[in-house]
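So you can see what is in the structure, the chains are spelled out below.
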2 protein chains.
Amino acid sequence: MTPRSSLSPAAAKPVAARRTRNKPEERHREFVRKAVELFAEIGFEAGTRELAQRLGVTQPLLYRYFPSKDDLIAAVYQEIYVNRWKKEWREGLIDDTRPIRERIIAFYEDYTATIFTPEWIRIYLFAGLRGVDINRRYAATVEEEILRPITLATRHSFGLGEEPPTPEEVELFWTLQGGIFYYGVREIVYQFPMPVDRSAMIRNAVDTFLAGVGPVLKRLAERVEVPA
Amino acid sequence: MTPRSSLSPAAAKPVAARRTRNKPEERHREFVRKAVELFAEIGFEAGTRELAQRLGVTQPLLYRYFPSKDDLIAAVYQEIYVNRWKKEWREGLIDDTRPIRERIIAFYEDYTATIFTPEWIRIYLFAGLRGVDINRRYAATVEEEILRPITLATRHSFGLGEEPPTPEEVELFWTLQGGIFYYGVREIVYQFPMPVDRSAMIRNAVDTFLAGVGPVLKRLAERVEVPA
DNA sequence: CATGTTATTTATCAAGCGATAATTAATAGG
DNA sequence: CCTATTAATTATCGCTTGATAAATAACATG
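As the structure is a computational prediction, the values presented were derived from the model and not from experiment.

Criteria and thresholds
- The written sequence of each chain sets the order in which its residues are numbered from 1.
- In the order they appear in the text, chains get letters beginning with A and ligands get numbers beginning with 1.
- This being a predicted model, a pLDDT of at least 70 is required before a residue's local features are given, and a value of 80 or more before pairs of side-chain atoms are given or counted; all residues contribute to the totals for chains, interfaces and linings.
- Just so you know, side-chain values use all the structure's heavy atoms and leave hydrogens and water out.
- Whether two residues touch is decided by their heavy atoms; if any such pair falls within 4.5 Å, the residues are in contact.
- Summed over both partners, the accessible area (1.4 Å probe) lost when two parts come together is defined as the buried area.
- Throughout this description, the term salt bridge denotes a Lys or Arg side-chain nitrogen within 4 Å of a carboxyl oxygen of Asp or Glu.
- Identification of polar contacts relies on pairs of N or O atoms within 3.5 Å, with a donor-acceptor requirement for protein atoms, meaning one able to donate a hydrogen and the other able to accept it, and with residues adjacent in sequence counted only if both atoms are side-chain atoms.
- Looking at any residue, its pLDDT shows the predictor's confidence there, from 0 to 100.
- To sort residues, take the accessible area from a 1.4 Å probe on protein chains only and compare it with the maximum for the residue type: under 20% means buried, over 50% means exposed, and anything in between is partly exposed.
- Numbered from the N terminus, helices here are DSSP runs of H or I no shorter than four residues, and strands are runs of E no shorter than two.
- The set of buried Ala, Val, Leu, Ile, Met, Phe, Trp, Tyr and Cys residues whose side-chain atoms join them within 4.5 Å is what this entry labels a nonpolar core.
- In a helix, the anticipated span is given by 1.5 Å times the number of residues less one.

**Student:** Explain the interface of chain B and chain A here, please?
**Tutor:** Frequently, the measure chosen for interface size is the accessible area that the parts lose on association. The interface of chain B with chain A comprises 51 residues on the first partner and 51 residues on the second. Between chain B and chain A, roughly 4,600 Å² of surface is buried when both sides are summed, and carbon and sulfur atoms account for 65% of that area. For the interface between chain B and chain A, the tally reads four salt bridges. Across the salt bridge formed by A:E171 and B:R186, the nearest N and O atoms sit 2.5 Å from each other. Along the contact surface separating chain B from chain A lie 14 residue pairs in polar contact (both at pLDDT 80 or more).

**Student:** In this structure, what is going on with the confidence of the model for chain A? I would like to understand it.
**Tutor:** The predicted coordinates should not be examined in detail at positions where pLDDT is low. Summing up the model confidence of chain A, the mean pLDDT is 91 and the portion of residues at 70 or higher is 90%. Segment residues 1-16 of chain A is flagged for pLDDT under 50; beyond a separation of four residues in sequence, or across chains, it makes zero contacts in the model.

**Student:** I keep staring at the pattern of salt bridges and nothing clicks. Help me out?
**Tutor:** If the charged atoms of two oppositely charged side chains come close together, the side chains can form a pair. Applying the stated rule across the entire model yields 32 salt bridges over all chains. In this structure, A:R84 engages A:E79 in a salt bridge whose closest nitrogen and oxygen atoms are separated by 3.1 Å. Given a relative accessible area of 23%, A:E79 falls into the partly exposed group. Here B:E30 and B:R27 are joined by a salt bridge, their closest N and O atoms 3.4 Å apart. In this pair, B:E30 and B:R27 both sit in helix α1 (residues 24-42), three residues apart, roughly one turn of the helix.

**Student:** Even after reading the chapter, I still don't get the nonpolar core, so can you show me in this structure?
**Tutor:** One recurring pattern in soluble globular proteins: nonpolar side chains tend to sit buried together. Counting 152 residues, the largest nonpolar core has A:Y108 and B:Y108 as its most contacted members. Among all residues touching B:Y108, those that are not within four sequence positions of it are B:L147, B:I150, B:L176, B:Q177, B:I180, B:I202 and B:V206.

**Student:** Explain α1(B) here, please?
**Tutor:** Side chains of residues three or four places apart in an α-helix project in the same direction, reflecting 3.6 residues per turn. All names here are of chain B. Here α1 spans 26 Å end to end across 19 residues, near enough to the 27 Å set by a 1.5 Å rise per residue. All of the buried residues along α1 are R27, F31, V32, K34, A35, V36, L38, F39 and A40. The inward-facing, buried residues of α1 contact α2 (48-55), α3 (62-65), α4 (69-82) and α7 (118-130).

Following this line, the structure appears as structure tokens:
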């Protein structure tokens, strides 16, 4: 494609602050890392020139590594949604040698340690507002790999049978998940003063939830009609 | 200011599809309404030309009603954060002639009916990501007008004293608030399939919370150290 | 040390942005 | 009906954006 006609040797005026060459692999990773940082700050409408400046390179160089800005954004998604996901989360949750409370608290400790960063939370919110697909898929993964296992394990620990969780039951655990997630949004996005530290919040939220979820699970299992 | 020099009468070529004139007040409201709609869809980087097109007017006309795009955005904030807030929410919550469960459920029914719209939720998230102030102030209002009253009323209904709520106690109720809010994010922003209807979600979340919050409130009141 | 490859730069384009100035025409008041 | 007012338009400016083409220089290989 790139036609290289007319090698006219008489058109050189500006000398340059030339950078040393880097290995393409390292550059690629470096570009994605800084793109995550920039997009988390500004949003995906952040300019490619700003990114290049932060990297100390020129803007067209980005297009040697990513055919378009959308491809760069796709690489950022991959980094956030895929690379930071841990298979151990599910494994820890279904390990019924430990008490349910311990498992759930340990999971949320580790999960929040992973996602409660400006990069993760802000890019997650930006992505959700930009297009629907990626976050819907992420939510489906959370439901399948985290919430259904938690639901089953909790139901089991209350002696309530082993059938697949109903949507109502899973929804209950979404409320817990959302409540904890929103703590991160307030802390990191709104920068709201947070007088209660994260671990205490998790313990109190989980303890409240586990202390109260038994009767509601039983009610759902028995299909009891609830008064408004 | 506007200098009107050289009234040269010989420079008219294009005829126009001229619109009828509207009252400035109505126009102002119409512009804000459509701006809310557009910004909710696209975000605040949506173009003024796009907005003008949707309104069926030309782009410079916007600048007769709003000195700058930021002023238009400020009007949108006012519409979402101020105009849609209801004083009755607080009043209903502190009305201790009704049972606490009923008050809390009634509040969340009405609150979610107000904010679970694409306009409200998406603009709220866009605003939070754009700048920190407005959502931090909104969160402060929610804490003061909603969560502290709920906390006090709940503590009272458990016979636990009338002192001002501690941060740990308020944080507990933030978890409930966040859990319910996140239902709206999943439904409206991520367009996740929601098999459980809103009222059932609210009832189950509130019942779980109220069934479990007693022991945790007592523990917090007695400053008991909690195992990890 | 010469040569080919390619990482990186310079230069530039077309489109879109927010905003302003000048012009035109709809309406109200005498 | 004429006139002053002003809502609304046309035209345009300066700047930024994503992207491409061409030139240049660092490095690997013989």
